[in-house]
Amino acid sequence: RHDIRVAVGSSMGGFAAVCFSRRLRLNHVLAYSPQFDASPQFDGRFAPVTQHLAWRHRITPDSIAPDCAYCLVYDDQDYDSAHIAQLRALIAPERVREIVLRHAGHATVYYLYETGHLKAVTVAALTGAPLPGRELRSNRRQSRQYLKTLSDRLAPRHPALGRTAKAAGSSS
């Protein structure tokens, strides 16, 4: 009925986009910080919410649409990289494009929005156009998400740098 079917999701929405890609016969999936398994045993970050959910669907090899193009956007320094590793094991390498946004944290959509790159990434991922590269790092100092994540990561090792980054993030 439709020539091109797409799904876009972030976090558990990314999980749903991947999990139902075969069932929905999708051509493109754009998943921002997708979850592979949000059960407290795999990823405890969301335990207060996910421990009460009855998981009826899991991402399995049968979930993956063989002709779908998958674009996964994530921070490789975040625990989301463990989810990406699981997805990478199930999706054929030629079907996956990845955008790594170091220090964007789990909220990669916010980072892209704050830096003015959300539309460009979304359009490129869903049309098969070349994905933006180094330019995704431009404007990162204007992103509260980036500065907060960076300060959280710096603070344990370099308390003064962590406070400086946190102050810059709260003043913009």
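Please read these numbers as outputs of a predicted model, since none were measured by experiment. (Residues numbered from 1 in each chain as written. Predicted model: local features only at pLDDT ≥ 70, side-chain atom pairs only at ≥ 80, totals over all residues. Heavy atoms only, no water.)

Alternating positions in strand 1 (residues 6-10) separate cleanly, Ala 7 and Gly 9 being buried on one face and Val 6, Val 8 and Ser 10 remaining unburied on the opposite face. Bridge count for strand 1 against strand 2 (residues 28-32) is five bridges, and the pairing is parallel. Pairing of Ser 10 across the sheet is with Tyr 32, part of strand 2. This β-α-β element, strand 1 to helix 1 (residues 12-19) to strand 2, shows right-handed connectivity. (Buried < 20%, exposed > 50% of the residue type's maximum accessible area, 1.4 Å probe, protein only. Helix = DSSP H or I, 4+ residues; strand = E, 2+ residues; numbered from the N terminus. Pairing = 2+ DSSP bridges. Right-handed = clockwise from strand over helix to strand, strands pointing away.)

For the rest of this paragraph, the subject is the packing of helix 4 (residues 108-115) against helix 6 (residues 144-154). The N-to-C vectors of helix 4 and helix 6 enclose an angle of 125°; their axes lie 7 Å apart at closest approach. Classed by the angle they form, the pair helix 4 and helix 6 counts as oblique. On helix 6, the residues touching Tyr 110, Tyr 111 and Glu 114 of helix 4 are Arg 144, Gln 145 and Tyr 146. Class assignment for the residues of the contact of helix 4 with helix 6 results in three nonpolar, one polar and two charged. (Axes fitted to C-alpha atoms, helices over the stretch in contact; angles between N-to-C directions. Parallel < 35°, antiparallel > 145°, perpendicular 65-115°, else oblique. Contact = heavy atoms within 4.5 Å. Nonpolar A, V, L, I, M, F, W, Y, C, P; charged D, E, K, R; others polar.)

For the rest of this paragraph, the subject is the environment of Ile 59. Inspection of the secondary structure puts Ile 59 in the loop between helix 2 (47-50) and strand 3 (69-74). Between the C-alpha atoms of Ile 59 and Phe 15, which are 44 residues apart in sequence, the distance is 7.8 Å. Discounting residues that sit within four places of it in the chain, Ile 59 has contacts with Phe 15, Val 18, Cys 19, Gln 35, Phe 36, Ile 64, Leu 87 and Leu 90.

For the rest of this paragraph, the subject is helix 6. Taken together, the buried positions of helix 6 are occupied by Gln 145, Tyr 146, Leu 147, Thr 149, Leu 150, Ser 151 and Leu 154. At the N-terminal end of helix 6, a side-chain oxygen is found 3.3 Å from the backbone nitrogen of Gln 145, two or three residues along, and the residue is Ser 143. (Polar contact = N/O pair within 3.5 Å; in protein donor to acceptor, adjacent residues only side chain to side chain.)

On to the confidence of the model for the protein chain, then. Averaged over all residues, the pLDDT of the protein chain is 87; the fraction at 70 or higher stands at 92%. Element-level mean pLDDT values for the protein chain span from 61 in helix 7 (residues 159-171) up to 97 in strand 2. (pLDDT = per-residue confidence, 0-100.)

We now examine the pattern of salt bridges. Close approach of charged atoms allows side chains with opposite charge to pair. Following the criterion strictly, the structure yields six salt bridges and no others. Here Arg 102 ties to Asp 76 by a salt bridge, and the two come within 2.6 Å at their closest N and O atoms. With Arg 102 in the loop between strand 4 (96-100) and helix 4 and Asp 76 in the loop between strand 3 and helix 3 (80-90), the pair connects residues that are 26 residues apart, well separated along the chain. Judged by relative accessible area, which is 44%, Arg 102 ranks as partly exposed. (Salt bridge = Lys/Arg side-chain N within 4 Å of Asp/Glu carboxyl O.)

This part covers the layout of surface pockets. The computed volume of the largest pocket comes to approximately 210 Å³. For the largest pocket, the lining is made up of 14 residues, of which Val 100, Leu 101, Arg 102, Leu 136 and Arg 137 are closest to its centre. In terms of residue count, the dominant contributor to the lining of the largest pocket is strand 4 (three residues). By residue class, the composition of the lining of the largest pocket is seven nonpolar, two polar and five charged. (1 Å grid on protein atoms, 1.4 Å probe; cavity = no way out; pocket = protein on both sides within 12 Å on 5 of 7 lines; lining within 4 Å. Points joined across faces, edges and corners; volume = space filled by probe spheres on them.)

Its place among the elements puts Asp 80 in helix 3. The residues contacting Asp 80, other than those within four sequence positions of it, are Ser 33, Gln 35, Arg 45, Tyr 74, Gly 105 and His 106.

Let's shift gears to the sheet that holds strand 3. Overall, parallel pairing links the four strands, which are arranged 1-2-3-4 in an open sheet. Looking along the sheet, the strands with just one partner apiece sit at the ends: strand 1 and strand 4. Here the strands of the sheet are splayed against their neighbours by 10° on average, with no regard to which way each runs. Against the sheet, helix 3 touches strand 3 and strand 4, its axis set at about 165° to strand 3.

Once that is clear, we can look at the state of the cysteines. Taken as a whole and assessed by the stated rule, the structure comprises zero disulfides. With no disulfide of its own, Cys 19 has Cys 68 as its nearest cysteine by sulfur position, at a separation of 13 Å. No disulfide involves Cys 71; its sulfur sits 11 Å from that of Cys 68, the nearest cysteine. (Disulfide = S-S within 2.5 Å.)

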